[in-house]
Amino acid sequence: MPYVEACVKETLRLYTPAPVLARQLAEDTVIQGRSFPKGTGVMVLINAIHHDPEIYADPELFKPERWLEGTPEYAADKQVPGKWMPFGEGSRVCVGQRLALMEAKIALAHVFRKFTFSLSPGQRPLQTECKMLLKPKIGVFVTPILRGE
Ligand code: HEM
């Protein structure tokens, strides 16, 4: 199960469903010498953080091991707060985070007990589109193979 969780976390890093979050400054704020008044709208580019080469070694590669302490992949990444925020952060963090992760793990564990999957013939490299939420442009086509056959 830790590896399944690592796969889910790595997927949410690479393909963050909500790649941008919005906030409003609660007080006058200075960021890198520039002043921003209270009430200013702020866009937080979660996707940029999730692909930042200063935090993640080989950020474009799918490496679930980077979420497993003790592995070389874990050691190669920077361990800093706020590096993984697919569910947001702070007082408005997603209330369904635990449920979503548990559901995903249970569903994957059940399915992978019976099936393995291969990419279907003709499946092209994944293309995504983002209108508020990120999703595959034309789906992801996989062929299930019953285990033991
Ligand atoms: C993979 C699945 C999910 C992802 C990636 C996700 C992501 C997010 C994000 C990014 C936010 C905004 C957080 C922020 O602004 O800091 C959010 C808010 C929220 N999510 Fe989710 N979510 C997921 C599943 C769920 C589920 C299963 C539920 C309910 C059962 C849920 C309920 C909510 C609610 C109620 C909020 C608003 C919280 C607030 O504004 O106080 N989410 N979610």
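Here the structure is a predicted model, which means the values were calculated and not measured.

J.: Is there a simple way to think about the site of the ligand in this case?
T.: In the neighbourhood of the ligand, 15 residues make up the surrounding shell, with Arg23, Glu89, Arg92, Cys94 and Val95 lying closest. A distance of 2.5 Å separates an oxygen atom of the ligand from a polar atom in the side chain of Arg23. Glu89 has a polar backbone atom sitting 3.3 Å from an oxygen atom of the ligand. Among the secondary structure elements, those contributing two or more residues to the shell around the ligand are strand S1 (20–24) and helix H4 (97–114). Partitioning the shell around the ligand into residue classes produces 10 nonpolar, 2 polar and 3 charged.

J.: Mind showing me how you'd approach the coordination of the iron atom of the ligand here?
T.: Put simply, the ideal angle at a metal is 109.5 degrees for four donors in tetrahedral geometry and 90 or 180 degrees for six donors in octahedral geometry. For the iron atom of the ligand, the sole protein-derived donor is Cys94 (SG), lying 2.2 Å away. Tracing the sequence through the fold places Cys94 in the loop between helix H3 (72–76) and H4.

J.: Whenever I open this one, the side chain of Ser120 confuses me. Can you help?
T.: Within the element layout of this structure, Ser120 appears in the loop between strand S5 (115–119) and strand S6 (128–131). A distance of 3.3 Å separates the side chain of Ser120 from the backbone nitrogen of Val142, its partner in a polar contact. The residues contacting Ser120, other than those within four sequence positions of it, are Phe141, Val142 and Thr143.

J.: So what exactly am I meant to see when it comes to the nonpolar core here?
T.: Within soluble globular proteins, side chains that are nonpolar tend to cluster in buried spots. Formed by Ala6, Val8, Leu12, Ile55, Tyr56, Trp67, Trp84, Phe87 and Leu101, the largest nonpolar core amounts to 9 residues. With 3 residues, helix H1 (residues 2–14) is the single largest residue contributor to this core. Non-local contacts of Ile55, meaning those with residues more than four positions away in its chain, are made with Ile49, Asp77, Lys78, Val80 and Lys83.

Cut-offs used in this document
- Residues numbered from 1 in each chain as written.
- Predicted model: local features only at pLDDT ≥ 70, side-chain atom pairs only at ≥ 80, totals over all residues.
- Heavy atoms only, no water.
- Near = heavy atom within 4 Å.
- Polar contact = N/O pair within 3.5 Å; in protein donor to acceptor, adjacent residues only side chain to side chain.
- Helix = DSSP H or I, 4+ residues; strand = E, 2+ residues; numbered from the N terminus.
- Nonpolar A, V, L, I, M, F, W, Y, C, P; charged D, E, K, R; others polar.
- Donors = N, O, S within 2.8 Å, 3.2 Å for Na, K, Ca; no water.
- Contact = heavy atoms within 4.5 Å.
- Core = buried A, V, L, I, M, F, W, Y, C linked by side-chain atoms within 4.5 Å.
- Buried < 20%, exposed > 50% of the residue type's maximum accessible area, 1.4 Å probe, protein only.

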